[in-house]
Amino acid sequence: MLVELSLRQKFVTLAGITAAGMAASLAIGQRLIPQSILTGIVLYLITGDRPSTVYASILSLPRDLRTAVIFLKLNVSLYRHERSGATVVQIFERVVARHPNKVAFLMDDGQLTFAEVKQLADRIAAHFYARGFRKGDTIALLMETRLEYPCVWLGLSKIGVVTALINSNLRKETLRHSITVAHSKAIIVSSELAGAIAEINEQDGIKGLPVHLFRTENAGAEAGASSDPLPDAEDLRLSLDSGSSGSSVDLSSIPNDISPKDKLVYIYTSGTTGMPKAAVITNLRYTFMALGCYYMLSFRDDDIIYNSLPLYHSAGGMIGVGSVLLCGVTAALRKKFSASNFWTDCIRYKCTVAQYIGEICRFVLMTPPKPTDTQHTVRLMFGNGLRPQIWPQFVARFNIAQIGEFYGSTEGNSNLLNIDNTMGAVGFVPNFAKAIYPVTLIRCDEETGEIIRGSNGFCIKCKPGEPGVFVGKINPKKALNSFVGYADKAASEKKVLHDVFRKGDIFFNSGDILVQDLLGNYYFKDRTGDTFRWRGENVASSEVEGVITTIVGLKDCAVYGVDIPETEGKAGMAAIVDPEGKVDMEQLAAGIRASLPAYARPLFIRVLSEVPMTTTFKLKKRDLQVDGYDLGKIRDPIYFLQSNGTYRLFTTADHELIKSGKARL
């Protein structure tokens, strides 16, 4: 933390500030601030502000001026797109016109050029328009990563249909909910996931919905109709192939009435409680996120991005894919992340940029050293969740010149980006930008996440070094500050804070606790509420609690996240009240495997012999979370999840291995 300056030091800083301003201006090739104005600003700061803040401004001035130039370019680009009424499709087609034969997506031994992406998207648009789908309708897409994935939702967006990008890991009730909460009028499912739809095909909200089956090539020849889990589904691939009489499709009859503020896709987030929520992504929001990374991280037109993230997520599907569709770079996709093949793939596809989530970095770092560690051409890796504890080892071992750590939620208006390699930081906001980008930290109860208000009823801003909830002011008229929310309006309202600093203002509540230093850098500290993050996915504890309670038939169950040394996020732990010892662990494990995706399955299960209740008859989840899986504190039996999905007793040896940070979980 920066310290206070003496009176003498205040005046000594003037020369330094002026020099820093000149150096920064020269570095970016232009004098952004005339020296006389700069000197006046500095004198005002020195006489009217805290000395430590002035000193911080000196240190961050070159960074802030460079950011100002990039931020200006981004905003000019966004303004031009919005003013011209450009949608994602229209911006994409301008990219296609510039280089139709350039490769857009690579995967395995296949590829699609920009022209081929457009051709498939056009066929999708014509097909579903002919089936009667119109602007404002929603179609659910359940598909694993493949070259055609972006083409499907891009084609639907041409006719104004909103695509609900469903997490391909979801099953049963959670899958049914995700499809119905978006008011889907049809389902597109790839052949490998057809069984998941077949399981819920007769349930409320799903029964009667038309299903379009996107088969893998030769899938029809390999499997007979009798083995098809969805025998009545339309073969979408066959229909598209038979309906096209060449490379182009006539879309002249389709109205061109889509605006930048219209919905593009739904991307799901678990939010703070309950089932997955469908976050509304408009054309403008998608454009902002894609162009934001392109400009702020200084992507190059000849970059090839390695994207092994799922395409139903905002990171892989909005930033990764968006950089291709809207900026013209190339992306190499992978169906499922593999730590051992990470650098092999980057070398194979000649990647210059790679995406990550925190766990990807840790898993890659845990692989045995080999020559490919530094034989790649990746200069930049960007993503979120890279823990400070492994940051220096990662960049040193794999020779990564730049890490672009970012922070933000799918639905939120408060996003941060680290563009200057400040280790551990999730981004920064310069002092000059606070009027344009009004985000801040407000005081809260760290245990409950409850916002603390002053005697005047308004929230209290945090000082540097003080943790608080990260919030962003909502302005529906600006792409930077808007908050569209979820398909469920009631869920949207829960994320909005009213009367924060003055009567009538509204802010988005991220639900996350961050800390800011004097230089404007933000550092992630924790999440409030009942949601925790594991393996790059948000896990809603109430959802897991409901599943477990149903399986074991017990009244009381609490699910919470616990820290694992040297691991990003929190692992799930369930505490089940079972004083009579009736829990059948084999049955419980089988039920969990059938009902929950791998990332949501509790790593630990604690069986309680007593009921630790609060005065409001709730399990003392906070106390349980503090106990964690510490066998030195706990006398109850704890069971540990194995790789085959079963549970066994957790031992002292297991505990010591996890404490050492060497456990592979």
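Refer to the structure above for everything that follows.
What this report covers is the structure whose coordinates are included nearby. Note that this is a predicted model, so its numbers are computed, not measured. (Residues numbered from 1 in each chain as written. Predicted model: local features only at pLDDT ≥ 70, side-chain atom pairs only at ≥ 80, totals over all residues. Heavy atoms only, no water.)

1. Some words on the overall build of the protein chain
And step 1. Secondary structure summary: the protein chain contains 20 helices and 28 strands in total.
And step 2. Buried positions account for 56% of the 665 residues belonging to the protein chain. (Helix = DSSP H or I, 4+ residues; strand = E, 2+ residues; numbered from the N terminus. Buried < 20%, exposed > 50% of the residue type's maximum accessible area, 1.4 Å probe, protein only.)

2. Structural notes on empty space enclosed by the protein
And step 1. Within the structure shown, the criterion is met by six cavities of 30 Å³ or more.
And step 2. Counted as a void, the largest cavity has a volume near 380 Å³.
And step 3. Together, 21 residues line the largest cavity, and Met-296, Asn-415, Leu-416, Leu-417 and Tyr-437 are the ones closest to its centre.
And step 4. Residue assignment for the lining of the largest cavity shows that the elements contributing at least two residues are helix H3 (51–83), helix H11 (283–296), strand E14 (402–407) and strand E15 (416–417).
And step 5. Among the elements that line the lining of the largest cavity, the one with the most residues is H11, at five residues.
And step 6. Residue classes in the lining of the largest cavity are distributed as 18 nonpolar, three polar and no charged.
And step 7. What lines the second largest cavity is simply Val-280, Arg-285, Thr-410, Glu-411, Gly-412, Ser-482, Phe-483, Val-484 and Gly-485.
And step 8. Classifying every residue of the lining of the second largest cavity gives three nonpolar, four polar and two charged. (1 Å grid on protein atoms, 1.4 Å probe; cavity = no way out; pocket = protein on both sides within 12 Å on 5 of 7 lines; lining within 4 Å. Points joined across faces, edges and corners; volume = space filled by probe spheres on them. Nonpolar A, V, L, I, M, F, W, Y, C, P; charged D, E, K, R; others polar.)

3. Considerations on the sheet that holds strand E26 (residues 604–608)
Sheets are built from strands paired through backbone hydrogen bonds, the pairs being either parallel or antiparallel.
And step 1. Here five strands make up an open sheet; going across it, the order is E24-E25-E26-E27-E28 and the pairing mixed. A single partner strand is all that each edge strand has here, and the edge strands are strand E24 (557–563) and strand E28 (647–649). On average, each strand axis in the sheet is inclined to that of its neighbour by 30°, with strand direction left out of account.
And step 2. Pairing of strand E27 (residues 638–641) with E28 involves three bridges; the strand directions are antiparallel. Note on E28: the bridge partner recorded for Phe-640 is Arg-648. (Pairing = 2+ DSSP bridges. Axes fitted to C-alpha atoms, helices over the stretch in contact; angles between N-to-C directions.)

4. Here's the deal with the nonpolar core
And step 1. Within the largest apolar cluster, 76 residues are counted, with the highest numbers of intra-cluster contacts made by Phe-105, Trp-153, Tyr-286 and Leu-325.
And step 2. Leaving out residues up to four positions away in the same chain, Trp-153 has contacts with Val-88, Thr-163, Leu-165, Leu-264, Val-265, Tyr-286, Gly-317, Val-321 and Leu-325.
And step 3. Membership of the second largest hydrophobic core comes to 72 residues, among which are Val-181, Trp-534, Ile-576 and Leu-603. (Core = buried A, V, L, I, M, F, W, Y, C linked by side-chain atoms within 4.5 Å. Contact = heavy atoms within 4.5 Å.)

5. What to know about unusual backbone geometry
And step 1. Backbone geometry places Lys-350, a non-glycine residue, at a positive phi of 60°.
And step 2. Backbone geometry places Glu-566, a non-glycine residue, at a positive phi of 60°.

6. Structural notes on the sheet that holds strand E4 (residues 162–165)
And step 1. Strand order in the open sheet made by the seven strands is E7-E6-E5-E3-E4-E8-E9, with mixed pairing throughout. Lying at the two open borders of the sheet, with one neighbouring strand each, are strand E7 (234–235) and strand E9 (277–282).
And step 2. In this sheet, strand E8 (residues 263–269) lies alongside E4 in parallel orientation, the contact comprising three bridges. Counterpart to Thr-163 in the pairing with E8 is Val-265.

7. Observations regarding the packing of helix H17 (residues 541–552) against helix H18 (residues 585–595)
And step 1. Between H17 and H18, whose axes approach to 10 Å, the crossing angle comes to 135°. Compared by their axis directions, H17 and H18 come out oblique. Crossing geometry of H17 relative to H18 is assigned as right-handed. Only Gln-587, Leu-588, Gly-591, Ile-592 and Ser-595 of H18 make contact with H17, whose side of the interface consists of Val-547, Ile-548, Ile-551 and Val-552.
And step 2. Its residues placed into classes, the contact of H17 with H18 shows six nonpolar, three polar and no charged. (Parallel < 35°, antiparallel > 145°, perpendicular 65-115°, else oblique. Left-handed = near helix turned anticlockwise from the far one by under 90°.)

8. Focus on the side chain of Asp-654
And step 1. Within the element layout of this structure, Asp-654 appears in helix H20 (residues 652–659).
And step 2. Each residue touching Asp-654, except ones within four places of it in the same chain, is listed here: Phe-640, Arg-648 and Leu-649.

9. Side note on the packing of aromatic side chains
And step 1. Taken as a whole, this structure holds 20 aromatic pairs when the rule is applied.
And step 2. An angle of 85° between the planes, with centres 6.1 Å apart, marks the rings of Tyr-294 and Phe-299 as edge-to-face.
And step 3. When the centroid spacing of 4.5 Å and the interplanar angle of 10° are considered together, the rings of Phe-604 and Tyr-629 count as stacked. Residue Phe-604 is found in strand E26, and its partner Tyr-629 is found in the loop between helix H19 (621–627) and E27; the two are separated by 25 residues along the sequence. In this pair, the class of Phe-604 matches that of Tyr-629, namely buried.
And step 4. By way of ring pairs, the aromatic residues Tyr-306, Phe-337, Phe-342, Trp-343, Phe-363, Phe-394 and Phe-398 are connected into one cluster.
And step 5. Directly above the aromatic system of Tyr-129 lies the positively charged group of Arg-134, at a separation of 3.7 Å from the ring centroid. (Phe/Tyr/Trp six-rings, centres within 6.5 Å; stacked < 30°, edge-to-face > 60°. Lys NZ or Arg CZ within 6 Å of the ring centre and 35° of its normal.)

10. So, the pattern of salt bridges
And step 1. As enumerated under the stated definition, the model contains 27 salt bridges in all.
And step 2. With its nearest N and O atoms 2.9 Å apart, the salt bridge here joins Lys-185 to Asp-137. One end of the pair, Lys-185, is in the loop between helix H7 (172–181) and strand E5 (186–190); the other, Asp-137, is in the loop between helix H5 (114–130) and strand E3 (138–142), with 48 residues separating them in the sequence.
And step 3. A salt bridge links Asp-345 to Arg-334; the nearest nitrogen and oxygen atoms lie 2.8 Å apart. Placement of the pair is Asp-345 in helix H13 (residues 342–348) and Arg-334 in the loop between strand E11 (330–333) and H13, with a sequence separation of eleven residues.
And step 4. When its relative accessible area of 6% is taken as the criterion, Asp-345 is described as buried. (Salt bridge = Lys/Arg side-chain N within 4 Å of Asp/Glu carboxyl O.)

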